[in-house]
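What the coordinates show
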Amino acid sequence: ARLFPRAQIFAFEPVPDSYQLLAESSKKKKRIVPVNLALAEQAGTAKINLNSFAPTNSLLPSAASEDAEIYFDGRGETVSTAIINTVSLDEFAME
């Protein structure tokens, strides 16, 4: 935001709990537009892996690795899944 002070920033967050945090934290930043969608190849739905450490939630399967253990203190394992809404970047830009 500091490098491009006039840019409008779209922040995509498909997980409802994380989206609420994003929306709340960006409320006073008029240029940041929170979007409750995931970017994907096409619009629709997808299954997301919800991990014990929310910043590691992913459409990709979680994999145990030495890096995950080091950087996430062993908190990157999948604990559940959810169905989220997706949109392609092209479709989003046309709206």
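Overview of the structure. What you see is a predicted model; the values in this text were computed from it and never measured. (Residues numbered from 1 in each chain as written. Predicted model: local features only at pLDDT ≥ 70, side-chain atom pairs only at ≥ 80, totals over all residues. Heavy atoms only, no water.)

**Quick notes on the pairing of strand 1 (residues 9-12)**
Within a regular beta strand, the side chains point alternately toward one face of the sheet and then the other, so they alternate between its two faces. Strand direction decides the pairing type here: strand 1 and strand 2 (residues 32-35), joined by 4 bridges, are parallel. The residue bridging Phe-12 from the neighbouring strand is Val-35, located in strand 2. Handedness of the crossover is the feature at issue here: the chain leaves strand 1, passes through helix 1 (residues 16-25), returns alongside strand 2, and the resulting connection is right-handed. (Pairing = 2+ DSSP bridges. Helix = DSSP H or I, 4+ residues; strand = E, 2+ residues; numbered from the N terminus. Right-handed = clockwise from strand over helix to strand, strands pointing away.)

**Overview of the nonpolar core**
Most often, soluble globular proteins have nonpolar side chains that are buried together. In terms of nonpolar packing, the biggest core is built from 6 residues, these being Val-15, Ala-38, Ala-46, Ile-48, Leu-50 and Ile-84. With 3 residues, the top contributor of residues to this core is strand 4 (residues 44-51). Leaving out residues up to four positions away in the same chain, Ala-46 has contacts with Leu-59, Ala-82, Ile-83, Ile-84 and Thr-86. (Core = buried A, V, L, I, M, F, W, Y, C linked by side-chain atoms within 4.5 Å. Buried < 20%, exposed > 50% of the residue type's maximum accessible area, 1.4 Å probe, protein only. Contact = heavy atoms within 4.5 Å.)

**Observations concerning the pattern of salt bridges**
Under the criterion given, the structure shown has 1 salt bridge. Among the ionic pairs, Lys-27 bridges to Glu-24, the shortest N-O distance being 3.1 Å. Here Lys-27 falls in the exposed class, since its relative accessible area comes to 54%. (Salt bridge = Lys/Arg side-chain N within 4 Å of Asp/Glu carboxyl O.)

**Here we look at the sheet that holds strand 4**
Within the open sheet, the 3 strands sit side by side as 3-5-4. Their pairing is mixed. Each edge of the open sheet carries a strand with a single partner, namely strand 3 (38-39) and strand 4. Pairing of strand 4 with strand 5 (residues 78-87), which is carried by 8 bridges, proceeds in the antiparallel orientation. Within strand 5, the residue paired with Ala-46 across the bridge is Ile-84.

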